[in-house]
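Topology and contacts: notes
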Amino acid sequence: MLDSEGLAKAVLRDRTVTAWLTLARADDLRVITSAATLVEVVHPRINRPALQWTLSRLVVEPVTEPTARRAAMLLADAGLHGHKYAIDAMLSATALAAPAPVTILTSDPEDLTALCGPGATVIRI
């Protein structure tokens, strides 16, 4: 799973993220992100064709009502507030709904670890 930084680095063809994605594809693993992550990644300077190509290689999971409810529960359990951590919580809820094992590539491992607990492996990129 890619958070916003993971997705942004994939768009920029960062070597570390590209290596992870190559390994995932070689093992026939799904690489996912949350639709909420797109809100963080899209900005005026992003290379739109590179973003579209990258997204075509991923599964973008929707934020449904059950996902939002689970995200709210994760926030409450971690003692965090949705104002600051809403997108991380939606990403975490999406990750925890995916078939295990789940690995999240992120620049923010502390928050995602607090939200996911032992349900996902969180790796700093």
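Structure: see above.
Residues numbered from 1 in each chain as written. Predicted model: local features only at pLDDT ≥ 70, side-chain atom pairs only at ≥ 80, totals over all residues. Heavy atoms only, no water.

1. Remarks on the overall build of the chain
Helices and strands together make up the secondary structure of the chain, namely 7 helices and 4 strands. Each helix and strand of the chain, ordered N terminal to C terminal, gives the series α-α-β-α-α-β-α-α-β-α-β. Here the C-alpha radius of gyration of the chain, 14 Å, is about what a compact globule of 125 residues would show, namely 14 Å. Overall, the C-alpha framework of the chain stretches about 35 × 35 × 25 Å when taken along its three principal axes. Working note: accessible area of the chain is about 7100 Å², and carbon and sulfur atoms make up 57% of it. (Helix = DSSP H or I, 4+ residues; strand = E, 2+ residues; numbered from the N terminus. Rg over C-alpha atoms; globule rule 2.2 N^0.38 Å. Areas by Shrake-Rupley, 256 points an atom, 1.4 Å probe, with all protein chains shown as cover.)

2. Topic: the pattern of salt bridges
All told, the structure shown has 3 salt bridges when counted by the stated rule. Between Arg30 and Glu61 there is a salt bridge whose closest N-O contact spans 3.1 Å. Of this pair, Arg30 sits in the loop between helix H2 (15–26) and strand E1 (32–34) while Glu61 is found in strand E2 (residues 59–61), placing the two residues 31 residues apart along the sequence. For Glu61, a relative accessible area of 21% gives the class partly exposed. Where Arg69 meets Glu65, a salt bridge forms, and the shortest distance between an N and an O atom there is 2.7 Å. In this pair, Arg69 and Glu65 are both assigned in helix H5 (residues 65–78), 4 residues apart and thus about one turn of the helix distant. You'll find Arg69 and Glu65 in the same group, each marked exposed. (Salt bridge = Lys/Arg side-chain N within 4 Å of Asp/Glu carboxyl O. Buried < 20%, exposed > 50% of the residue type's maximum accessible area, 1.4 Å probe, protein only.)

3. Quick word on the packing of helix H1 (residues 4–11) against helix H4 (residues 48–56)
Between H1 and H4, the least distance of the axes is 9 Å, while the angle of their chain directions is 110°. On the basis of the axis angle, H1 is roughly perpendicular to H4. The two elements H1 and H4 meet at a crossing, and its hand is right-handed. In this structure, H1 uses Leu7, Ala10 and Val11 to contact H4, whose residues at the interface are Ala50, Leu51, Thr54 and Leu55. Taken together, the residues that form the contact of H1 with H4 break down as 6 nonpolar, 1 polar and no charged. (Axes fitted to C-alpha atoms, helices over the stretch in contact; angles between N-to-C directions. Parallel < 35°, antiparallel > 145°, perpendicular 65-115°, else oblique. Left-handed = near helix turned anticlockwise from the far one by under 90°. Contact = heavy atoms within 4.5 Å. Nonpolar A, V, L, I, M, F, W, Y, C, P; charged D, E, K, R; others polar.)

4. Let's talk about helix H6 (residues 82–97)
Between the first and last C-alpha of H6 there are merely 19 Å, a value that for 16 residues lags more than 12% behind the 22 Å anticipated at 1.5 Å per step. The sharpest bend along H6 comes to roughly 35°, located at Asp88. Listing the buried residues of H6 in full gives Tyr85, Asp88, Ala89, Met90, Leu91, Ser92, Ala93, Thr94, Ala95 and Leu96. At its buried positions, H6 is contacted by E1, helix H3 (35–41), E2, H5, strand E3 (103–106) and helix H7 (109–116). (Expected span 1.5 Å × (residues − 1). Bend = angle between axes of the 7 residues up to and from the residue.)

5. Some thoughts on unusual backbone geometry
The phi angle of most residues is negative, glycine excepted, and most peptide bonds adopt the trans form. The residue after Ala100, namely Pro101, is reached through a cis peptide bond having omega 0°. The residue Pro101 is located in the loop between H6 and E3 in this model. We note that Arg13 has phi near 60°; this positive angle belongs to a residue other than glycine. By secondary structure assignment, the location of Arg13 is in the loop between H1 and H2.

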